Amino acid sequence: MAKVELGADGKPVVPDEVLGAVRTLIEWAGDDPTREGLVDTPRRVARAWLEYCQGYAEDPAIHLSRTFEEVGGYDEIVMLRDIPFQSHCEHHMAPITGKASIAYLPRDRVVGISKLARVLNGFARRLQVQERLTAEVAKCIWDNLHPHGVAVVIDAQHGCMTGRGVRTPGVGMVTSRLLGCFLDDERSRKEVLALMGY
Ligand SMILES: Nc1nc2c(ncn2[C@@H]2O[C@H](COP(=O)(O)OP(=O)(O)OP(=O)(O)O)[C@@H](O)[C@H]2O)c(=O)[nH]1
Ligand SMILES: [Zn+2]
């Protein structure tokens, strides 16, 4: 992500060429970027996109750097179910909204549970395809926590399929990435998917 400067108001300074790009888009869509209601829109849009794409400014692995020893000898699945998230598809830059379930079977260390959602957001707040988002979240947990297994299932709706194009609202795209015991062992796989509600 380009280096972002903050103005006196604490908000990101938007370069002229970015303002110009949004103005061009407004004009191309058929409206007048100089009319009162649209004058400040390029700046708002640019800052909104910085927020949507905040994930580029972080390495999501950072959230998994602080771990705890297993508490009370717990050696079963740990799962965060139905985490709501928003992303944007890299093809149309249209919103992807959905929920993700993330599970892992710890080897000897556990992570603060909120961190799984932070990892998800770190990858979701970029231009994405759902398959890559699913795989990146799973790989990050696998590489950093070295657990026995990781399972990530994402169920999301794509704005590019609802507001435009094929226009099929309500259709969910489901993707999964299973690693370690959840891939290799049928009983573990069934257990984790059942806990997720699949
Ligand atoms: N596999 C996958 N496809 C996606 C995702 N997000 C959007 N798409 C699809 O990306 C494809 C892009 O296809 P193109 O033919 O290049 O673009 P298009 O003419 O706008 O396609 P339509 O959406 O069918 O109108 C579309 O089929 C989208 O539905 C995603 O996360 N994963
Ligand atoms: Zn799309």
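The present account deals with the structure reproduced in this document. Remember, predicted model here, so these are calculated numbers, not experimental data.

How each quantity is defined
- Residues numbered from 1 in each chain as written.
- Chains lettered and ligands numbered in written order.
- Predicted model: local features only at pLDDT ≥ 70, side-chain atom pairs only at ≥ 80, totals over all residues.
- Heavy atoms only, no water.
- Pairing = 2+ DSSP bridges.
- Helix = DSSP H or I, 4+ residues; strand = E, 2+ residues; numbered from the N terminus.
- Donors = N, O, S within 2.8 Å, 3.2 Å for Na, K, Ca; no water.
- Buried < 20%, exposed > 50% of the residue type's maximum accessible area, 1.4 Å probe, protein only.
- Core = buried A, V, L, I, M, F, W, Y, C linked by side-chain atoms within 4.5 Å.
- Contact = heavy atoms within 4.5 Å.

Notes on the sheet that holds strand 2 (residues 78-89)
In any sheet, the strands associate via hydrogen bonds between backbone groups, in a parallel or an antiparallel arrangement.
Then step 1. Taken in spatial order, the five strands of this open sheet run 5-2-3-6-7, and their pairing is mixed. Edge positions in the open sheet fall to strand 5 (127-128) and strand 7 (173-180), since each of these has one partner strand only.
Then step 2. Bridge count for strand 6 (residues 149-158) against strand 7 is eight bridges, and the pairing is antiparallel. Looking at strand 7, one finds that Ala156 is bridged to Met173.

Looking at the coordination of the zinc ion (ligand 2)
Then step 1. Taken together, Cys89 (SG), His92 (ND1) and Cys160 (SG) make up the full set of protein donors to the zinc ion (ligand 2), lying 2.0 to 2.4 Å away.
Then step 2. Each donor residue of the zinc ion (ligand 2) lies on the same chain, and together they follow the pattern C-x2-H-x67-C. On the criterion of sequence distance, the pair formed by Cys89 in strand 2 and Cys160 in helix 6 (residues 159-162) is long-range, its members being 71 residues apart.
Then step 3. Residue Cys89 is classed as buried on the basis of its relative accessible area of 5%.
Then step 4. Under the relative-accessibility criterion, Cys160 is labelled buried at 11%.

Some details on the nonpolar core
Then step 1. Of all hydrophobic cores here, the largest spans 31 residues; its most connected members are Phe85, Ile102, Tyr104, Leu120, Val137, Ile141 and Ile154.
Then step 2. Secondary structure elements with two or more residues in this core: strand 2, strand 3 (95-105), strand 4 (109-111), helix 4 (114-124), helix 5 (130-145) and strand 6.
Then step 3. Excluding residues within four positions of it along the chain, Ile154 makes contact with Phe85, Lys99, Ala100, Leu120, Gln130, Leu133, Thr134, Met173, Val174 and Thr175.
Then step 4. Of all hydrophobic cores here, the second largest spans 10 residues; its members include Ile77, Ala103, Val192 and Met196.

Read these as layout, nothing more, since geometry by itself doesn't imply function.
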